[in-house]
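Below are the chains, spelled out letter by letter.
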Amino acid sequence: MTEIVSARDLKSDLTLEADLCVVGTGAGGAMVARQAAVAGLRVVALEEGPTLRTEMFTQREDEMIPLLFQEAGARATIDGAVTILQGRGLGGSTVHNTNLCKRAPDDVLARWPDGWRTRDLLPHYEAVERELNVKPIETRRINRNNALLKSAVEKLGWRGAVLSHNREGCVGSGFCELGCPVDGKQNALKVLLPAAQRAGARIVSDCRAEAILLEGGRAVGVRARATHATVTVQAPVCLAGSAIGSALLALRSHFPDEKNQIGRGLHLHPGVAVAGLFDDPVEGWIGIPQSYECTEHLSFDEESDARVWIVPGFAHPAGAASLLPGFGAAHKQRMRDYSKMAIFVAMLHDQSEGTVEASSDGRPLIRYELNSSDQRALLHGMQACTRLMFAAGARRVLLPFATPLELDAPSENLQHHYRPLDPLLTAVHPMGTMALGRVCDGEARVRGITHLWVADGSLFPSSIGGPPQLTIYAAARKVAAQIVDTLGHR
Amino acid sequence: MLRSVSGYHLDDNIAARLSVLSPKEFLILDAIVGRIVAGDGDGPKNSVETALFVDRYLGNLDPALQKDLRALLHLVEHASGPWRFSFSRFTHMSDAHKDAVLYDWQVSRLVFRRRCFQALRSLAFLAYYREPTTWIELGYTGPVLPRPPLGNR
Ligand SMILES: Cc1cc2nc3c(=O)[nH]c(=O)nc-3n(C[C@H](O)[C@H](O)[C@H](O)COP(=O)(O)OP(=O)(O)OC[C@H]3O[C@@H](n4cnc5c(N)ncnc54)[C@H](O)[C@@H]3O)c2cc1C
Ligand code: SF4
């Protein structure tokens, strides 16, 4: 059995030979690394972030945010309108996600290229669900924040359901977004990377891929940077650095791209958090953070303005403070209601498409503006959240416009408050940028380059309007099969 | 002892604890953070500790992020006055004036200002609400599980 090694202390340059180099160890990368290694390929997986272990998850925001998140949680679109949270470390964003598992809807996949429809992904979905132990969340584990959404949905007669998750041994600490302190997540870090390692994969953390090496239209390896040394891996390549990381690396590697498609088609599912104040304690930080969804306003009809997925979304004190608008005394006053506050998030099934570009200092420049149809849909979502809050019994509802809006009854006139960069949005589901049919062919190979595949959220040709990890795991499993077919079993 | 750098006076004991920022940058940061986390009365009692945490926190970040934030502090200090048709430095303004300037940054139509304000706001809240002493007021009971021992991390 090989080790997971950190390249942090590597003092001299290193060259490794392999059958496949996987860049990134999140949902997509860990799945490909495991599948390829089990099929007998000699795999090297590179991860720019650190090796993470359960004991490191201290349940403290100030310690976990810089450890687990890209750009210490400060990644955002260049206009600052959307904060984008993404993982950085072994296991990628699966380490701090909230474990919701849902297949992409048939209506969405029906518009994806041939070979990626529901029937094509089905065996992969089933395998992933088995392996990651995906099951419905038991109703007794629904916490008060989620129960309020459920009661409001039932009262209004709207569509809603209990969600499924990939947890085992969860004690309900409520710290999912900062890493699980009891190893209760059946994710890339816990399930897939150890299996890849057992099958012989060499996994190298603290090692950032800086360029894909091309020779005569063929990917022949990766040049990566550790703190004091350069690591070169000579092998065919699978990109799995996420929708932002993979596009960034592709751009920095100057792939042939006559039509400038790389980095385009970015979808984010931007979400807006609506807070409701209740008379009794909600204590949303206790228990499984998200267990119920409202899908009443989630239409997959492209013409519809009802395109939001509504879920509860609680945060610990610093995170909640950032979600609430304003600053100073008024903000502090709002924070005093923290324990009696419920938060519902409307996540947009976005049609707007952003772009990723490479800046000179190696960071991504992310441009993303909501088109007018998405602006309407977002407002529709805020209105729906407001109605849900009042139906659940909220005394007051707080909308996070830069000049905060407090309501004591539902309002249909939010458009007066809306400006393009307002309210502040948070995104946790970047997708697109190396999309199937656009940058990649139907086998997930980058067009015009052989021996180069993509297997992460960047493959998505559209938003999916719900949690993407299951579809990323499933798509990566399918890509891994294609890689093994091409490179051959050993 | 006070350390004086062209009109910026910082206690030596505090200056000795800085990891990333210069005394001048620290004073600007303290002025901003103090207003972001200010309560009903004056500033919070521990705004210096809050700002010191931000300085330490920056020490663990990528140098490019550190550079951005330092540049931003100088910008708030020197480019906030003209915005409000007054030429005083941010650190020399009254609390009310500082709040008005920060509000302008918050709702600015200039993309860059809004983004900068958000970055400062998030850092200030992270530094402030990390302290278990602030949790009592929120009714937050803290982590359910004990913190893993330091040696295990
Ligand atoms: C707070 C939060 C909650 C979420 N909750 C859910 C949920 O409940 N359900 C759900 O389905 N989804 C959820 N998600 C989203 C989900 O986790 C992601 O969509 C998924 O993990 C993305 O998989 P990926 O393989 O595309 O990228 P990631 O999992 O982000 O992995 C990419 C990895 O590549 C590494 N990398 C990038 N560039 C390089 C490079 N140049 N060299 C080496 N390594 C590199 C990164 O450091 C990272 O570790 C959540 C996300 C967040 C942030
Ligand atoms: S709620 Fe469960 S899965 Fe999430 S961090 Fe706590 S114990 Fe782990």
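The numbers attached to residues start from 1 for each chain and follow its sequence in the written order. Chains and ligands are labelled sequentially in the order written, the chains with letters from A and the ligands with numbers from 1. In view of the model being predicted, local features appear only for residues whose pLDDT reaches at least 70, and side-chain atom pairs are presented and counted only at 80 or more, with totals across whole chains, interfaces and linings using the full set of residues. As a convention, hydrogens and water are excluded, and side-chain values are obtained from all of the structure's heavy atoms.

Asker: Got a minute to help me understand the overall build of chain B in this structure?
Answerer: Helix numbering and strand numbering both begin at the N terminus, where a helix is a DSSP run of H or I of at least 4 residues and a strand a DSSP run of E of at least 2. Each helix and strand in chain B was counted, giving seven helices and two strands. Written out in order from the N terminus, the α and β elements of chain B read β-β-α-α-α-α-α-α-α. Classification of the 153 residues of chain B by burial places 52% in the buried group. A separation of at least 24 residues holds for 53% of the contacts in chain B among residues at least 6 apart in sequence. On chain B, roughly 7,400 Å² of surface is accessible, and the fraction owed to carbon and sulfur atoms is 58%. A 1.4 Å probe rolled over the protein chains alone gives each residue an accessible area, and that area as a share of the maximum for its type sets the label: buried under 20%, exposed over 50%, partly exposed in between. Contacts are residue-level and defined by heavy atoms, with any inter-residue pair within 4.5 Å sufficient. All accessibility values rest on the Shrake-Rupley procedure with a 1.4 Å probe; residue burial counts only the protein chains present in the view.

Asker: Looking at this model, I keep getting lost on the site of ligand 1. Mind explaining?
Answerer: Residue and element names in this part refer to chain A. Neighbouring ligand 1 are 36 residues, the closest being E47, S93, L100, G457 and Q469. With respect to ligand 1, the side chain of T98 contributes an N or O atom lying 3.0 Å from an oxygen atom. Secondary structure elements with two or more residues in the shell around ligand 1: α1 (27-38), β11 (208-215) and α11 (469-487). Only Asp, Glu, Lys and Arg are considered charged, only Ala, Val, Leu, Ile, Met, Phe, Trp, Tyr, Cys and Pro nonpolar, and every remaining residue, Gly among them, polar. Its residues placed into classes, the shell around ligand 1 shows 12 nonpolar, 19 polar and five charged. If even one non-hydrogen atom of a residue comes within 4 Å of a molecule or strand, that residue is called near it. For this analysis, a polar contact is any N or O atom pair within 3.5 Å, provided that within protein one partner can donate a hydrogen and the other can accept it, and provided that sequence-adjacent residues contribute only side-chain to side-chain pairs.

Asker: Can you walk me through the domain arrangement of chain A in this structure?
Answerer: Interfaces are often described in size by the accessible area the parts lose on coming together. Residue and element names in this part refer to chain A. Bear in mind that the domain bounds are from an automatic or database domain assignment. Looking at the assigned domains, one finds that chain A contains domain 1 (1-133 + 177-269 + 430-490) and domain 2 (137-167 + 271-349 + 370-419). For domain 1 versus domain 2, the distance between C-alpha centres works out to 31 Å. Residue-level contacts link 25 residues of domain 1 with 23 residues of domain 2. Between domain 1 and domain 2, roughly 1,900 Å² of surface is buried when both sides are summed, and carbon and sulfur atoms account for 51% of that area. It is E61, L100 and H269 in domain 1 that bury the most area against domain 2; as a group they hold 28% of the surface buried on that side. Counted as salt bridges are all cases of a side-chain nitrogen of Lys or Arg within 4 Å of a carboxyl oxygen of Asp or Glu. Run the count over domain 1 and domain 2 and you get two salt bridges. The partner of E302 in a salt bridge is R111, and the shortest N-O contact between them spans 3.6 Å. Only β6 (100-101) and α3 (106-109) provide two or more residues apiece to the side of domain 1 that touches domain 2. Residue composition of the side of domain 1 that touches domain 2, grouped by class: eight nonpolar, 11 polar and six charged. Note: buried area is the sum, over both parts, of the accessible area (probe 1.4 Å) each one loses when the two are combined.

Asker: What should I look at first to understand the side chain of S242 of chain A in this one?
Answerer: All names here are of chain A. Along the polypeptide, S242 turns up in helix α7 (residues 242-252). Reaching out from S242, the side chain makes a polar contact with the side chain of Q86 at a distance of 2.9 Å. Setting aside residues no more than four positions away along its own chain, S242 makes contact with Q86, A247, D456 and S458.

Asker: Help me understand helix α2 (residues 61-68) of chain A in this model?
Answerer: The α-helix advances 3.6 residues per turn, and as a result positions three or four apart in sequence lie on the same side. Those residues of α2 of chain A that sit buried are E61, D62, M64, I65 and L68 of chain A. Elements that come into contact with the buried residues of α2 of chain A comprise α8 (317-323) of chain A together with α3 (47-59) and α6 (111-129) of chain B.

Asker: Would you explain the packing of helix α2 (residues 23-36) of chain B against α6 of chain B in this entry?
Answerer: Between two packed helices, both the angle of their axes relative to each other and the distance between the axes serve to describe the pair. Residue and element names in this part refer to chain B. Here α2 crosses α6 at 75°, and the two axes come no closer than 9 Å. As far as their axial angle goes, α6 and α2 are roughly perpendicular. Residues I32, V33 and I36 of α2 form the contact with α6, whose own contacting residues are L120, R121, A124 and F125. Its residues placed into classes, the contact of α2 with α6 shows six nonpolar, no polar and one charged. Each axis is a line fitted through C-alpha atoms, taken for helices only over the stretch in contact, and angles between the N-to-C directions span 0 to 180 degrees. Our angle categories are set so that under 35 degrees counts as roughly parallel, over 145 as roughly antiparallel, 65 to 115 as roughly perpendicular, and the remainder as oblique.

Asker: Can you help me understand the site of ligand 2 in this one?
Answerer: The local shell around ligand 2 consists of R167, C170, V171, G172, S173, G174, F175, C176, C180, P181 and V182 of chain A. Of the residues belonging to the shell around ligand 2, the class tally is seven nonpolar, three polar and one charged.

Asker: What am I meant to see in the interface of chain A and chain B here?
Answerer: With 53 residues of chain A in contact, the opposing surface of chain B contributes 45 residues. When chain A packs against chain B, the two sides together hide about 4,300 Å² of surface, and 56% of this comes from carbon and sulfur. A per-residue breakdown of the area chain A buries against chain B is headed by D62, F327 and K332 of chain A, which together make up 17% of the total. Counting across the interface, chain A meets chain B through three salt bridges. Put simply, D68 of chain B and R363 of chain A hold a salt bridge, and the shortest N to O gap is 2.8 Å.

Asker: Explain the pairing of strand β22 (residues 396-399) of chain A to me, please; I cannot follow it from the model alone.
Answerer: Looking along a regular strand, one sees side chains alternate from face to face of the sheet. Residues and elements named next belong to chain A. A pair of strands is considered paired only if DSSP assigns at least 2 bridges between the two. Bridge count for strand β16 (residues 271-277) against β22 is three bridges, and the pairing is antiparallel. What sits directly across from L277, in β22, is R396. One ladder, built from three bridges, connects β22 with strand β23 (residues 405-407); its direction is antiparallel. Among the inter-strand pairings, L398 is bridged to a residue of β23, identified as E406.

Asker: Help me out: how do you make sense of the nonpolar core in this one?
Answerer: Side chains of nonpolar character tend, in soluble globular proteins, to be buried together. Residues and elements named next belong to chain A. Each nonpolar core is a collection of buried residues, namely Ala, Val, Leu, Ile, Met, Phe, Trp, Tyr and Cys, held together in the definition by side-chain atoms within 4.5 Å. Residues L239 and F255 are the most contacted members of the largest nonpolar core, which totals 167 residues. Both of domain 1 (1-133 + 177-269 + 430-490) and domain 2 (137-167 + 271-349 + 370-419) provide at least three residues apiece to this core. In contact with L239, not counting residues within four places along its chain, are V23, I212, S246, L249, F255, M434, L452, W453, V454, A455 and D456. One finds M382, A392, A394 and A427 within the second-largest nonpolar core, a separate group that totals 49 residues.

Asker: Sorry if this is basic, but what is going on with the pattern of salt bridges here?
Answerer: If the charged atoms of two oppositely charged side chains come close together, the side chains can form a pair. Throughout the structure, instances matching the rule amount to 32 salt bridges over all chains. Note that E138 of chain A is salt-bridged to R140 of chain A, the shortest N-O span being 3.1 Å. On the basis of relative accessibility, which here comes to 65%, the residue R140 of chain A falls in the exposed class. One continuous salt-bridge network, built from bridges that share partners, spans R35, D95, K98 and D99 of chain B.

Asker: Is there a simple way to explain the sheet that holds β6 of chain A in this structure?
Answerer: Residue and element names in this part refer to chain A. Spatially, the three strands line up as an open sheet ordered β6-β9-β7, and their pairing is antiparallel. Strands with a single pairing partner mark the edges of an open sheet, and in this sheet they are β6 and β7 (135-136). Here β7 pairs with strand β9 (residues 164-165) via two bridges, running antiparallel. Of the residues in β9, the one forming a bridge with K135 is H165.

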